[in-house]
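# Fold and geometry: a report
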Amino acid sequence: MIFSSALIENAVNEFAKLPGIGKKTALRLVLHLLKQETAQVEQFGDVIARMRQQIQFCKVCHNVSDAEVCSICSSHSRQKQVVCVVESIRDVMAIENTQQFNGLYHVLGGIISPIDGIGPDQLNIHSLVERVQYQGVEEVIMAVSPTIEGDTTIYYLSKKLKEFPVKITTIARGIAFGGELEYADEMTLARSISNRLPLENYVQNK
């Protein structure tokens with residue numbers, strides 16, 4: 001692309017760094033902002049900057065939060081004895097959108113993947129074990145994507161938790177093998193959570 005303004009070019013290059021945004025889309029976004037009032041663009045930039053500066057990660061579940069403890073963990077209406085283990089923050093959002101789960105979450109921050117250099121020490125596993133050990137957790141739902149890496153992670157977690165009197169279940173595999181939770185439609189995901197299975201049943205079917 002040839003630009004008549006270095007300022008436009010720089011703005012386009014920054015937008016193009018976002019996932020799924022190519023140069024043409026970036027240019028459309030920049031030109032759209034040029035049509036807006038200066039105050040609106042300044043507000044847009046300020047909101048993004050404040051989000052990045054002030055966002056926190058919940059000290060309990062590692063979800064994004066505006067405070068030290070997220071609104072889900074601090075809610076009095078949630079079932080605190082049930083914890084749903086997920087890979088990422090996006091999975092929390094996907095499950096919350098189903099409005100079919102009323103427990104708490106635990107965000108691992110990824111899955112065990114030796115080929116990518118990700119081992120158990122890089123994930124939020126120790127804090128999960130502490131929650132099960134000290135916070136009265138009765139059920140842990142493994143809502144991890146049904147990939148080889150996901151199954152490896154589930155197996156590892158089950159070994160870490162086997163010494164505690166906690167029920168371990170996994171979501172029903174209505175999601176295709178190799179699928180990602182965040183891309184599953186809400187009805188399928190809700191059904192997978194509602195029809196969750198004891199972990200040993202899932203292992204036997206592998």
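For the structure given in this document, a descriptive report is provided here. (Residues numbered from 1 in each chain as written. Predicted model: local features only at pLDDT ≥ 70, side-chain atom pairs only at ≥ 80, totals over all residues. Heavy atoms only, no water.)

With that out of the way, let us pick up the pattern of salt bridges. Opposite charge on two side chains permits pairing when their charged atoms draw close. Per the counting criterion, the structure on display carries four salt bridges. Notably, a salt bridge pairs Glu14 with Lys17, separated by 2.9 Å at the nearest N-O pair. The salt bridge partner of Asp46 is Arg50, with a shortest N-O separation of 3.0 Å. Here Asp46 pairs with Arg50, and both are found in helix H3 (residues 38-54), just four residues apart, close to one helical turn. Classification of Asp46 as partly exposed rests on a relative accessible area of 38%. (Salt bridge = Lys/Arg side-chain N within 4 Å of Asp/Glu carboxyl O. Helix = DSSP H or I, 4+ residues; strand = E, 2+ residues; numbered from the N terminus. Buried < 20%, exposed > 50% of the residue type's maximum accessible area, 1.4 Å probe, protein only.)

Here Val69 lies in the loop between strand S2 (64-65) and helix H4 (71-74). Remark: the alpha-carbon pair of Val69 and Gln56, spanning 13 residues in sequence, is separated by 8.8 Å. Ignoring any residue separated from it by four or fewer positions in sequence, one finds Val69 in contact with Cys58, Lys59, Val60 and Ser74. (Contact = heavy atoms within 4.5 Å.)

Right, let's get into the packing of aromatic side chains. Throughout the structure, instances matching the rule amount to one aromatic pair. When the ring of Phe101 is compared with that of Tyr105, the centres are 5.2 Å apart and the planes differ by 65°; the resulting orientation is edge-to-face. In this structure Tyr105 comes out as buried when scored by relative accessible area, which is 1%. (Phe/Tyr/Trp six-rings, centres within 6.5 Å; stacked < 30°, edge-to-face > 60°.)

Here we take up the pairing of strand S3 (residues 79-86). Judged from the five bridges that link them, S3 and strand S4 (residues 103-107) form a sheet pairing that is parallel. Among the inter-strand pairings, Gln79 is bridged to a residue of S4, identified as Gly103. Taken together, S3, helix H5 (residues 89-98) and S4 constitute a β-α-β crossover, and its handedness is right-handed. (Pairing = 2+ DSSP bridges. Right-handed = clockwise from strand over helix to strand, strands pointing away.)

So, about unusual backbone geometry. At His62, a residue that is not glycine, the phi angle is positive and equals roughly 75°. With respect to the helices and strands, His62 occurs in the loop between strand S1 (56-57) and S2. One non-glycine residue, Gln99, lies in the positive phi region at around 60°. Relative to the assigned elements, Gln99 resides in the loop between H5 and S4. Judged by relative accessible area, which is 70%, Gln99 ranks as exposed.

On the secondary structure map, Pro114 appears in the loop between S4 and helix H6 (126-134). In the structure, Pro114 is positioned 35 residues away from Glu149 in sequence and 8.7 Å away in space, judged by C-alpha atoms.

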